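# Breakdown of the fold
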Amino acid sequence: MAEAAGFPVTERPRGRWLRRAAALVAGTPLLAGLVLVPPAQEAHAAPSGSRTVDVDIDSLSPPAAGQSDDAVTVTGSITNKGRATITDGHVGLRRGPVLSNRSSIDNVARRTGYSAGLDGQEVGGKAEKVEKLAPGVSQPFSLRVPVKKLRLSKDGVYQLGVSFSGRSKSAPYEQVLGIERTFLPWQEDEASKKTKLTYMWPLISKTHLTAETEGDEQQTPIFRDDKLAAEIAPGGRLQQLVALGKDLPVTFVVDPDLLATVDAMTGRYKVEGPNGTTRAGRNQEVAKQWLSDLEQAVQAHEVVALPFADPDIASLAHKGKVVPSALSHLGPATDLASRTVGTVLPGVKARTDFAWPVEGAVDSSIVDVATSAGAHNVIARSDSMRESGLSYTPTSARPIGGGNTAVVADAGLSTAFTGDLTKAGTANLAVQNFLAQSLMVNLQDPSRQRSIVVAPQRMPTASQAQAMAKAVRAANDSGWAEPQDLSDAAKAKPDPNATRQVPGAASYPASLRKQELPAAAFRQAQETRTALDDFKVILAEPWRVETPFGNAIMRMMSTEWRGDAKGAEAFRKSVRSYLDGLTTKVHLIQKSDATLSGRSATIPVTVQNNLVRGVKGMTLRLTSSQPNRLDTGEPQTIDVEGGHSQSFKFDTTANANGPVQVTAQLFTADGKRYGRAMTFEVNVTEITATVMLVIAGGVLLLVLAGVRIYLQRKRAAAREDDGGTDGGSGTDDGGAGSDGGDGAPDRDGADQDRTDRDGRPTDGGNGQPGDPEPDTGSESTGGSGSGEKVDR
């Protein structure tokens, strides 16, 4: 009212304070929005709450506790992931509830963040204090808690959590800022019926060998790369698998192609380089050491050999069946597996009656293909052959008809060691998860003994192998499991309640189907096999190509190509390209057109062999486009040494004049065309009977002319011998003698010129130049006068 009347109003201090506080409260949301909105470049907020600090559990000792253990030790590290410094912190151990089944273990492993009701209270000994932990800083911890303080009341799997509690400027009260969980299997006494545990220990690698070899006597192999050396060298993946597996109760599952490849490295070998170059391999000693270690490691272990090159059985069943003869590769691959193991590891007898489809995923077609090659035991997985209505994990062996057995590996145990296990905390959690699951299998029905198989990933990393080894050792030392070989697991008495129905094709996982080899891959493999068969029949030493190319064709169908379609295609093309290059080294040399003059002639055709080794048993045929004009003769058998060319002559017969197209073609011993045909033209110019008569008449005339000349000369010589002289000593018209003007008579007493009946002078010394010389045949018995030309 005072404001309305226009009187000035003096505000009390308390009233002003209340109004300002109200305005401040009203403006707080807007101010907060302006102040707390992070800059655009900061995409993620800093961790807060129970995720502020990252807790890693690097080890739990013992991994499975029993009555004889007096304490549990947990070590690890904490890392401040927030933006504020943490003070007054400490690390403590929390014991959660005992877990009731296998799914509860999975739930704990997936859970993040702290929950007071699920994670329990801190237990046991003295907590480890951390006065200050700055942002980004890590600090190790070690907790030792007496077992009795954990209050483990009954056998089972207990959840353990390591938590970090502290304060910060934004949260000045103590709270849990980070937690990590693990599992502690506890069994006070040994189980009356232990679970029989089979662990498959895979020795499998990628394809490293090509089909190419050098032409020397030893056939020096050429490798695609030298990466295998790193795997078998100390610390490498395969070296770790052998070194660890040696002292473990496991079954070695081996790809014989790996053994053959490492064996090839023990001698002289070369490695492909850029632009078609090669370099000498230098890891012979590494290869020898690995094979030696492996030979010692498997002496006391069962060895199962997969078909050579580990063929993708599922791809063969789904895509390869549309290609004729594609499935026929499995039988030879199985036979080669046994021979390879026996050769590289003398004295080792490997089982070859097991098939292992990718990730144990099976359907009826996969089982049919696997068993067709003699593998009566198919390793499946429980997430493929699923159970329904069972409260426990059944024995792995399941009869599936036809005398065949599905060995169903446990999916949870088999996938326990996937992912990146290079961090100690991640690896330790995988080990504890495995042990917890294996104990829970036993506790599901302690009165029922089960046989359980573990089929891990095909190519574990070194860190995965180390975690697997730790888990297998701990399970073997526990009171609830004992080791068993894979062959014994396959023969175990099956559970009558377990499923024996192989799923249909529709149940095969779509994610795995996308990775399968296409039908084109099997067609290319089959075409390469056909080309190889056609090539090797011409060789004097066919085994020199059968071994490297036969193995390469098997590698084309390897499981390793899943997820690498480009690499698989490149490998198939490289093998075929190299084979085609070899086949073209035996060819016909192009012949120029020829002219045939006469009824018969010989036509040479040259075969060039640029291979290092000889070829034999081939047939070379000439085919005339007009056989009525030109008959090209009989085919000829071809044998040509390596690095040589050889001409083969065909006796041909002409029946008419004119050009004729002639085709030369090589054939294999079984009648198949080999290489490209070579065509050339033969022009037939036959000589007729009339022409022969004319030529004969000309020759006769020449002979008659020669006879006439001879007779004429003979008559002239006779007349010369019969012609007389005047016997006087007269002189010539000049009064001079015929001896040159001295008046003396010649030796015949005749001083006049002699002439023939035609009046021509016959004296050799007085004739004119160009006059005929006397015949020097047998009729001319006088000596030659001075200056005569004599035909010799």
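Structure: above.
So, here's what we can say about the structure. (Residues numbered from 1 in each chain as written. Predicted model: local features only at pLDDT ≥ 70, side-chain atom pairs only at ≥ 80, totals over all residues. Heavy atoms only, no water.)

Here the focus is a nonpolar patch on the surface. The grouping of Val699, Val703, Val707, Tyr710 and Leu711 at the surface amounts to a nonpolar patch, some 440 Å² of accessible area in total. Within the secondary structure, valine 707 sits in helix α21 (residues 689-722). (Patch = residues over 30% accessible without salt bridge, like charges linked within 9 Å, V, L, I, M, F, W, Y side chains within 5 Å. Areas by Shrake-Rupley, 256 points an atom, 1.4 Å probe, with all protein chains shown as cover. Salt bridge = Lys/Arg side-chain N within 4 Å of Asp/Glu carboxyl O. Helix = DSSP H or I, 4+ residues; strand = E, 2+ residues; numbered from the N terminus.)

Another aspect to go through is the sheet that holds strand β23 (residues 600-609). The four strands are arranged β21-β23-β27-β25 in an open sheet whose pairing can be described as antiparallel. Two strands bound the open sheet, and with one partner strand each, they are β21 (586-588) and β25 (630-631). In the sheet, β23 pairs with strand β27 (residues 644-654) via ten bridges, with the strands oriented antiparallel. Note that in β27 the partner of threonine 606 across the bridge is serine 647. (Pairing = 2+ DSSP bridges.)

Right, let's talk about the sheet that holds strand β5 (residues 138-146) for a bit. The sheet built from three strands is open, its strands ordered β1-β2-β5 with antiparallel pairing. Among the strands making up the open sheet, the edge pair consists of β1 (53-61) and β5. Sheet twist, expressed as the mean angle between neighbouring strand axes with direction ignored, is 25 degrees. Pairing analysis gives nine bridges linking strand β2 (residues 71-80) to β5, with the strands arranged antiparallel. Note that in β5 the partner of serine 77 across the bridge is proline 140. (Axes fitted to C-alpha atoms, helices over the stretch in contact; angles between N-to-C directions.)

Turning our attention to the packing of aromatic side chains. Aromatic ring pairs are described here by two measures, namely the spacing of the ring centres and the angle between the planes. This structure, assessed with the given rule, holds six aromatic pairs. When the ring of tyrosine 199 is compared with that of tryptophan 201, the centres are 6.0 Å apart and the planes differ by 55 degrees; the resulting orientation is tilted. Residues tyrosine 199 and tryptophan 201 agree in their burial class; the two are buried. What links up through ring pairs into an aromatic cluster is the set Tyr199, Trp201, Phe417 and Phe434. Above the face of the tryptophan 356 ring, arginine 458 is positioned so that its terminal group lies 4.4 Å from the ring centre. The positively charged end of lysine 591 is found above the aromatic ring belonging to phenylalanine 680, 5.9 Å away from the centroid. (Phe/Tyr/Trp six-rings, centres within 6.5 Å; stacked < 30°, edge-to-face > 60°. Buried < 20%, exposed > 50% of the residue type's maximum accessible area, 1.4 Å probe, protein only. Lys NZ or Arg CZ within 6 Å of the ring centre and 35° of its normal.)

When a strand is regular, its side chains alternate between the sheet's two faces. The buried fraction of strand β6 (residues 156-167) amounts to eleven of the twelve residues, a majority that puts the element mostly inside the structure. Inspection of the sheet shows strand β3 (residues 86-99) paired to β6 by nine bridges, in the antiparallel sense. Paired with leucine 93 across the bridge in β6 is valine 162. Both β6 and strand β7 (residues 175-186) contribute to a ladder of eleven bridges, which runs antiparallel. Each bridged residue has a counterpart across the sheet, and for glutamine 159 the counterpart in β7 is phenylalanine 183.

Note on pairing: side chains with opposite charge can pair once their charged atoms come close. Under the defined criterion, the tally for this structure stands at 35 salt bridges. Measuring nitrogen to oxygen at the nearest pair gives 3.7 Å for the salt bridge that ties glutamate 285 to lysine 288. Residue glutamate 285 and its partner lysine 288 are located together in helix α9 (residues 284-297), separated by three residues, close to a single helical turn. As a salt-bridge pair, aspartate 533 and lysine 536 come within 3.8 Å of each other at their nearest N and O atoms. With aspartate 533 and lysine 536 both in helix α18 (residues 519-536) and three residues apart, this pair spans about one turn of that helix. For lysine 536, a relative accessible area of 23% puts it in the partly exposed group. Each of Glu214, Asp216, Arg268 and Lys270 takes part in salt bridges that share partners, so that together they form one network.

Turning our eyes to something else, we now look at helix α14 (residues 424-444). An α-helix turns once every 3.6 residues. As a result, residues three or four positions apart point the same way. Taking 1.5 Å per residue as the helical rise, α14 with its 21 residues ought to reach 30 Å, and the 30 Å between its terminal C-alpha atoms agrees with that figure. Most of α14 sits inside the fold, with 16 of its 21 residues counted as buried. (Expected span 1.5 Å × (residues − 1).)

This part takes up the pairing of strand β9 (residues 209-213). Along β9, four of the five residues are buried, which leaves the element largely enclosed by surrounding structure. Judged from the two bridges that link them, β9 and strand β10 (residues 221-223) form a sheet pairing that is antiparallel. Along β10, the bridge assignment pairs leucine 209 with phenylalanine 223.

Take empty space enclosed by the protein next. In the structure shown here, the tally under the stated rule is five cavities of 30 Å³ or more. If you add up the space inside the largest cavity, you get close to 80 Å³. Considering the residues around the largest cavity, the lining is formed by Leu197, Thr198, Tyr199, Pro249, Val472, Ala475, Asn476, Ala481, Glu482 and Pro483. Counted by class, the lining of the largest cavity contains seven nonpolar, two polar and one charged residues. The volume enclosed by the second largest cavity comes to roughly 60 Å³. (1 Å grid on protein atoms, 1.4 Å probe; cavity = no way out; pocket = protein on both sides within 12 Å on 5 of 7 lines; lining within 4 Å. Points joined across faces, edges and corners; volume = space filled by probe spheres on them. Nonpolar A, V, L, I, M, F, W, Y, C, P; charged D, E, K, R; others polar.)

Among the secondary structure elements, leucine 93 is positioned in strand β3. Residues leucine 93 and arginine 144, spaced 51 residues apart in sequence, show a C-alpha to C-alpha distance of 9.1 Å. Other than its neighbours up to four places away in sequence, leucine 93 contacts Val74, Gln121, Glu122, Val123, Leu143, Val145, Leu150, Leu160, Gly161 and Val162. (Contact = heavy atoms within 4.5 Å.)

With 14 residues, α9 should cover 20 Å at 1.5 Å per step; its first-to-last C-alpha distance of 20 Å lies within 8% of that length. Among the residues making up α9, those that are buried are Gln284, Ala287, Trp290, Leu291, Leu294 and Ala297. Axial view of α9: buried residues confined to an arc of 160 degrees, hence all on one face. Those residues of α9 that are buried are in contact with β8 (195-203), α6 (227-232), α7 (237-245), β11 (251-254), α8 (256-265) and α11 (330-344). (Arc of directions from axis to C-beta.)

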